[in-house]
Amino acid sequence: GKQKAKKGIRFKRFPPVLNIHLKRFEFDFMRDPPEQVKVNAHFEFSKTIDLSPFAKDAGEYTLHSVVVHSGDVNAGHYVAHVRPTLAVDEEKWVKFDDEVVTFCNEYSAMQENFGGVDTVINNYFVDPKDKDRSYHCPPRTHSAYILVYVRTELIQQLLRPVDPEEINPQLVEKCRVAAKKQEERQRERLENQTTIKIRVVLERQLHGMLGFRDVSMIQQLTEDDEEVLKLQRTQTVLELREKIHSMLSKDGRPKLSDMALFVLGGQYSHQSTQFKPLVGHVGTKLSRYTPQYSMPHFDPNDPHLNVLALFARAYDPKTLQLFSEAQRPSCLDPWDEKMTMLVVKYFCPGKQVLVTLGAYYIIKSQELSRMLIAPYPSGSAPDALPWVQTKLKPLVADGVIAPLTEGCSSIPVKFDEWMLFDEGEEKQAVPKKIRSSVAAESLETGDTIVLQRAEREEPQIEDNDPVKGPRYAQRTFAQFAARASSALDVRVLLHDSSEPHSLDGVAADGSYEGQSTSSLQSADRVERDIKMDSRWTLGNVNSVLAHEFGLPSDREIWLWYQLQNDIGPSGTPADPINVGYMDTQNEVTLGEVKKSFRLDKAAWTVHAVAVPPLPPRASIDNTFRHVCIRYFDSAVTEVANFILVVPWAALVSYLVEEVRKRMGDKIPSTLPLRVVEMSGGRQANVLDPTQSLSETGLARMANALHYCLRVEPAEQVEGEVLVPFSRADRLTGSVFGHPFLLSCPSKTTVGDVRKRVQEKLKVPDPVIQRWRLVKHDSSKTPLLKDDEQVEFSSDSRVCLEYPHPCPSRSSMVSRGAKPLVISKPKK
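This structure is a prediction, so every number in the text was calculated from the model and none was measured.

**Q** Give a description of the overall build of the protein that names residues and reports values.
**A** If you tally the helices and strands in the protein, you get 18 helices and 39 strands. Each of the 827 residues in the protein was classed as buried or not, and the buried ones make up 44%. As presented, the protein carries roughly 45700 Å² of accessible surface, and 51% of it is formed by carbon and sulfur atoms.

Below, the structure is given as structure tokens:
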């Protein structure tokens, strides 16, 4: 039979370093429900302990460290108090609090961490009556958790200074390398604060550069270290000019006066992708031109300036030597305000290529046509071509662009064969007159102009393909720029309209502590990457998506932009971005929708659902609407769902009839049904069968998949109250999942209510016992216990509190163990 027994641990010997773990955490079975708690009881420990009574040759131990825990069972903080040497004549304690290390006294390390309660101090001189009052002293939240003792006679041996090279030479070498790298990074950081790199760009590097204006492309031109200078930020612009000139010149050629410098971004310039003149008096410092934070080429780890060095046209851009010794170069230093430097590009319609020709300086009062007619000193006088034709010639030879027409390459030039544009910010194209002056066209230094041969006017849409979408003409640079600025990379996720109703990631599938619903839905989704154009109408988008996913052409496709948590359209209250334009979908463009919803990104993630079409003009006169019906069984499990196109003046009873027709024999004809309107998982309201749909909350909502109606068996015992039940996370209190209605007596026990919930939801015993029931009335929200009586009225609500089936973070699991008791052995 049963006998009295003692359970414990007996030590045969103790180690040189003894770690004592105080059981500050235990599982409290007296709480309802039982849970893990922290033990803040008072426990004193001494500086020395004699363990000889507990084991042979145990001897005396001296306290070396105290690890303190502050907080509770859910969250806390650890602090360590250490005596480094344990010398008798040195009683210093060191406190380690994360990265903060300070000295402290013995009281702070020991007595302060015994636990227990904090003393309440009262000023009896202010109120003598306080002497007779009793105060509740709150428990201390900080107490010793781990005690480290060292064998007294082994202190010198255990705490002697050690040579790291002897213990772990590999770690020492690793630390030495890390320290060296840290010193190098610190030195570079300090150097970056006082110096700045100068990346020099030459005109020959600009020639042949493809594409629109881009800072990253300009920076790639200066990856060669030979074209990078490093100067102090306190150095002047004049010193920079001399440095660049000495780096590029040979035998004094080109001269310093034949060179002009331009800095990317410029001083106080918002046009951060343009070159502006690098001008200033002798004492102007380079720090004045440091890129600002808002500029795209700002880099705090590698501060630098992109400087364009432009030489007079008398010099060959490749060799920087004079074409002819008889020529007299233009004087570019100092830069005259009457001058303008333009970056010139050429657009080839045949190959759809935008290529940079170079940088061209011109007097503001001169015509822009000068670059097409003024001889460029690259060859002999009879054969000299204008600047533009000279730059285009090697590009034609290399096959970069198509050959020019006779009207463009002939001398004299036929100006009606040329078109001119200003490449503005964000890939814009502004037409300019080639026979007008620079000043008249409002062009400034650093602006980019684009030349192309004239093309005949063609319709904007070349091919209105319903399968791939409209294809737009790109015969002019304006059309080319419009195509580039309108391009959209769209990732479309097609959802099945019959996806279950997911509220906060939880579907009504009968699993209450299972897997996340969103991961189950994603397996049924079809994904496509489609290139679209913001000039497409919503009708074009609908047609392309229908063909891409193999849908009927008459289907309406609702679109959502970047749904939160990827839970599907049914799990979000957000309206489709195109639902308000169905009646004008052949007029409203994707760009207008993008602007309306402030969708600035060029890459979208769009969720799509195909729904039955409305009758013609139904979306205008509001005679028909989409209504999503979800049929739930008695266990609050979604069995089926479908989208109906119903008259907006129809009664709620009409929906019940439609559900019976679609479900057929699955619903017995004698089973009464009711229609329930849900509100965000918190409340389920029963609709009157004679009520019109236009009088329900659906009238204000466009997302029919989320704001749906639930049809379910009408279960209510005569004389009982229909009580709404909701669900909430036990830790956070956030509502999730689907509410339901339960028939309960007006006066009953909580245990009976729990049993009714278990029978309705078909929840196993171990699961239902973990759930808490909280009653919500107009005045209070008490926690219900099984042995209590509870009364229900028309305004009563009950919340089921249990862990969220799809937790965003894992919960901590603590072990519940009884405290260890050390008893003195009997002699």
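**Q** A description of the packing of aromatic side chains should follow, citing residues and the corresponding values.
**A** Overall, the coordinates contain 18 aromatic pairs when judged by the stated rule. Ring geometry for Phe212 versus Phe480: centroids 5.6 Å apart, planes at 10°, classification stacked. Here Phe212 is found in the loop between helix 5 (203-206) and helix 6 (215-220), whereas its partner Phe480 is found in helix 11 (residues 477-486), with 268 residues between them in sequence. Here Tyr561 and Trp604 contribute two aromatic rings whose centre-to-centre distance is 5.7 Å and whose plane-to-plane angle is 70°, an arrangement assigned as edge-to-face. Here Tyr561, found in strand 26 (residues 556-561), pairs with Trp604, found in strand 27 (residues 603-611); they are 43 residues apart in sequence, far enough to count as distant. Residue classification places Tyr561 among the buried residues on the basis of a relative accessible area of 19%. The class for Trp604 is buried, based on a relative accessible area of 4%. An aromatic cluster is present here, built from Phe212, Phe347, Phe421, Phe477 and Phe480 joined pairwise through their rings. Positioned over the ring face of Phe103 is Lys92, at 5.2 Å from the centre of the ring. Its end group placed over the ring of Tyr472, Arg535 keeps NZ or CZ at 3.9 Å from the ring centre.

**Q** I'd like a description of the pattern of salt bridges, backed by residues and values.
**A** Per the stated rule, a full pass over the model turns up 24 salt bridges. Across the salt bridge formed by Asp333 and Arg241, the nearest N and O atoms sit 3.0 Å from each other. Of this pair, Asp333 sits in the loop between strand 14 (304-311) and strand 15 (339-348) while Arg241 sits in helix 7 (residues 237-248), and the two are 92 residues apart along the sequence. The class for Arg241 is buried, based on a relative accessible area of 8%. A salt bridge links Glu715 to Lys760, with the shortest nitrogen-to-oxygen separation between them at 3.4 Å. Here the residue Glu715 occupies a position in the loop between strand 32 (709-713) and strand 33 (721-729), and Lys760 occupies one in helix 17 (residues 750-761), the gap between them amounting to 45 residues. By relative accessible area, which is 35% here, Glu715 ends up partly exposed.

**Q** Can you explain the nonpolar core? Please cite residues and give values.
**A** Core analysis: the biggest nonpolar cluster contains 43 residues, and Ile198, Ile244, Ala309 and Met341 have the highest contact counts within it. Breaking this core down by element, the ones donating at least two residues are strand 10 (195-202), helix 6, strand 11 (228-232), helix 7, strand 12 (259-264), strand 14, strand 15 and strand 16 (353-363). Setting aside anything within four residues of it in sequence, one finds Ile244 in contact with Val200, Leu229, Met259, Leu261, Val307 and Ala309. The next biggest cluster of nonpolar side chains, apart from the first, holds 27 residues, and it includes Val506, Val723, Val753 and Val790.

**Q** Tell me about the side chain of Thr356, and please be specific about residues and values.
**A** Inspection of the secondary structure puts Thr356 in strand 16. Overall, Thr356 belongs to the buried group, its relative accessible area being 0%.

**Q** Any chance you could break down the pairing of strand 26 for me, citing the residues and the numbers?
**A** Counting buried positions along strand 26 gives six out of six residues, so the element sits mostly inside the fold. A two-sided burial pattern is seen for strand 26, the buried positions comprising Glu556, Trp558 and Trp560 on one face and Ile557, Leu559 and Tyr561 on the other. Two elements, strand 26 and strand 27, share six bridges in a ladder whose sense is antiparallel. Of the residues in strand 27, the one forming a bridge with Trp558 is Val609.

**Q** I'd like to hear about the side chain of Arg674, residue by residue, with values.
**A** Within the secondary structure, Arg674 sits in strand 30 (residues 673-679). For Arg674, the residues in contact, after removing those within four places along its chain, are Val686, Arg710, Val711, Glu712, Pro713, Ala714, Glu715, Leu722 and Leu741.

**Q** Pulling in residues and values, what's your account of the sheet that holds strand 33?
**A** For sheets, the rule is that strands pair by backbone hydrogen bonds, running either parallel or antiparallel. The strand order across the open sheet formed by five strands is 34-33-39-36-37, and the pairing between neighbours is mixed. The open sheet has two edge strands, strand 34 (735-744) and strand 37 (783-784), and neither has a second partner. Its contacts with the sheet place helix 17 against strand 33, strand 34, strand 36 (772-776), strand 37 and strand 39 (797-802), and it is angled at close to 115° to strand 34.

**Q** Give me the lowdown on the environment of Met678, citing residues and values where you can.
**A** With respect to the helices, strands and loops of the structure, Met678 is situated in strand 30. For the pair Met678 and Phe740, spaced 62 residues apart in sequence, the C-alpha to C-alpha distance is 9.1 Å.

Rules used throughout
Residues numbered from 1 in each chain as written. Predicted model: local features only at pLDDT ≥ 70, side-chain atom pairs only at ≥ 80, totals over all residues. Heavy atoms only, no water. Helix = DSSP H or I, 4+ residues; strand = E, 2+ residues; numbered from the N terminus. Buried < 20%, exposed > 50% of the residue type's maximum accessible area, 1.4 Å probe, protein only. Areas by Shrake-Rupley, 256 points an atom, 1.4 Å probe, with all protein chains shown as cover. Phe/Tyr/Trp six-rings, centres within 6.5 Å; stacked < 30°, edge-to-face > 60°. Lys NZ or Arg CZ within 6 Å of the ring centre and 35° of its normal. Salt bridge = Lys/Arg side-chain N within 4 Å of Asp/Glu carboxyl O. Core = buried A, V, L, I, M, F, W, Y, C linked by side-chain atoms within 4.5 Å. Contact = heavy atoms within 4.5 Å. Pairing = 2+ DSSP bridges. Axes fitted to C-alpha atoms, helices over the stretch in contact; angles between N-to-C directions.

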